Amino acid sequence: MAKIEVRNLTKIYDNNVVAVKDLTFSVEDKEFLVILGPSGCGKTSTLRLISGLEIPTKGDIYIQGRRVNDIPPKDRNIAMVFQNYPLYPHMKVYDNMAFPLRLKGYSKKDIDSRIKEVANILNISKLLDRKPAQLSGGERQRVALGRAIVRKPVAFLFDEPLSNLDAKMRIYMRAELSKLFLKLQATVIYVTHDQTEAMTLGNRIAVLKDGRLLQLDTPMNIYNYPKDKFVAGFVGFPPMNFIEGKIIEKDGSLYFYEGSFKIKILEFMYPKLKNYIKQKIILGIRPENIYDKLFVSNATPDNTVLALCEVVETVGSANFLYLSTERHSFVAISDVSNKPSPSTVVEVVFDMNKVHFFEPSTEKTIV
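This is a predicted model, so every value here is computed, not measured.

About the thresholds
Residues numbered from 1 in each chain as written. Predicted model: local features only at pLDDT ≥ 70, side-chain atom pairs only at ≥ 80, totals over all residues. Heavy atoms only, no water. Helix = DSSP H or I, 4+ residues; strand = E, 2+ residues; numbered from the N terminus. Contact = heavy atoms within 4.5 Å. Areas by Shrake-Rupley, 256 points an atom, 1.4 Å probe, with all protein chains shown as cover. Lys, Arg positive; Asp, Glu negative; His and termini not counted. Charge placed at Lys NZ, Arg CZ, Asp CG, Glu CD. Axes fitted to C-alpha atoms, helices over the stretch in contact; angles between N-to-C directions. Parallel < 35°, antiparallel > 145°, perpendicular 65-115°, else oblique. Left-handed = near helix turned anticlockwise from the far one by under 90°. Nonpolar A, V, L, I, M, F, W, Y, C, P; charged D, E, K, R; others polar. Core = buried A, V, L, I, M, F, W, Y, C linked by side-chain atoms within 4.5 Å. Buried < 20%, exposed > 50% of the residue type's maximum accessible area, 1.4 Å probe, protein only. Patch = residues over 30% accessible without salt bridge, like charges linked within 9 Å, V, L, I, M, F, W, Y side chains within 5 Å. Salt bridge = Lys/Arg side-chain N within 4 Å of Asp/Glu carboxyl O.

Trainee: Teacher, can you tell me more about the overall build of the chain here?
Mentor: When you go through the chain residue by residue, the secondary structure sums to nine helices and 20 strands. By principal-axis analysis of the C-alpha atoms, the chain measures approximately 80 × 45 × 35 Å. For the chain, the proportion of contacts with a sequence separation of at least 24, taken over those separated by at least 6, is 65%. In the form shown here, the chain has an accessible surface area of approximately 18,200 Å², with 50% of it arising from carbon and sulfur atoms. Distance between charge centres in the chain, computed from 51 positive and 41 negative side chains, equals 7 Å.

Below is the structure:
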């Protein structure tokens, strides 16, 4: 089984920069794990440590149950696909794909068989006689992927392989990767800063920040149940709105009070919020969970907010409404047919079943 385990992994570079700090996770056999996070969070360093291109400061890496800290990259039987697809420019596609097999001493017959099989899977059979300069970005990416697949490694490591493609090609290649790895049933660790890639490709997502693992879960659990404010804000577009306020109590009910509006909190949240009465707190709500009052049958003064519409962006089938109160700004998503005029006051309804609350000092999720 091609299971990969990372235990208490730390990487500190010579200038005392901590790239990875006490990282622990496992990737199951045939699982597609995405490592997601902003630039500089330790994603690529983690991949390079697993591949053997970097040496851990401390911690252990296991591949198929074997500790590989002291095993060189070439003997780990892992294929790494980089951002810039380093193909040999003087070689044809066929020879680029054959190169790693020739180094390992495979026969011409085996090499030819493997290349034709993989070329057929990747739909690049017609490209085998071309050189890299004659290929598009998407074609070069598929050739680089083919060169990795022909080796039949135990696992694949991807370092932002789609980031150099244009938007249309990126969408196409994302779908192609999904289909390919469903067919190959391979173990994959895929690094990206693109949340759409993470949400659509991964069986699970590991969110990193400052070299630390913040949350490891399924895409929908990451989206619906973020464990802290950073994860909540990093996943989702437009990002989650965060509004600072405090919890107040009135007539036995709890309310979130922002300073210019007050909304009633649902009773199932009381046990976790009662200790925050009269204290500062952060409310989080996604733009798609804020609705125009005109289209909500259960709108009441307890869940309605008056806001100034400052900007309206029409994005295909939806409008992004940029709204503000006296103290805060936030974004809502409306149907494209609902387009309020800028500088007008609108009434919006917060879906209180979908709100999140975060502790201001630790930024951990309370509800």
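Trainee: I tried to follow the packing of helix 4 (residues 137-149) against helix 5 (residues 167-184) on my own but got confused; where do I start?
Mentor: Packed helices, taken two at a time, are described by the angle between their axes plus the distance between the axes. Between helix 4 and helix 5, the least distance of the axes is 11 Å, while the angle of their chain directions is 20 degrees. Taken as axis vectors, helix 4 and helix 5 run roughly parallel relative to one another. Where helix 4 crosses over helix 5, the handedness of that crossing is right-handed. Contact residues: Gly138, Gln141, Arg142, Leu145 and Ile149 in helix 4; Met169, Tyr172, Met173, Leu177, Leu180, Phe181 and Leu184 in helix 5. For the contact of helix 4 with helix 5, a count of residues per class yields nine nonpolar, two polar and one charged.

Trainee: What should I look at first to understand the nonpolar core in this one?
Mentor: Where a protein is soluble and globular, its nonpolar side chains tend to be buried together. Counting residues in hydrophobic clusters, the biggest one holds 47 residues, and the most contacted among them are Met97, Leu145, Phe156, Phe158, Phe181 and Tyr190. Apart from the residues within four sequence positions on either side, Phe156 is in contact with Ala79, Ala148, Ile149, Phe181, Ala186, Thr187, Val188 and Ile189. Counting 30 residues, the second largest nonpolar core, distinct from the first, contains Phe261, Ile290, Val305 and Val348.

Trainee: So what exactly am I meant to see when it comes to a nonpolar patch on the surface here?
Mentor: Side chains of Leu306, Leu308 and Val345 sit close together on the surface and give an oily, nonpolar patch of about 280 Å² of accessible area. Among the structural elements, Val345 can be located in strand 19 (residues 344-350). Since its relative accessible area comes to 58%, Val345 is described here as exposed.

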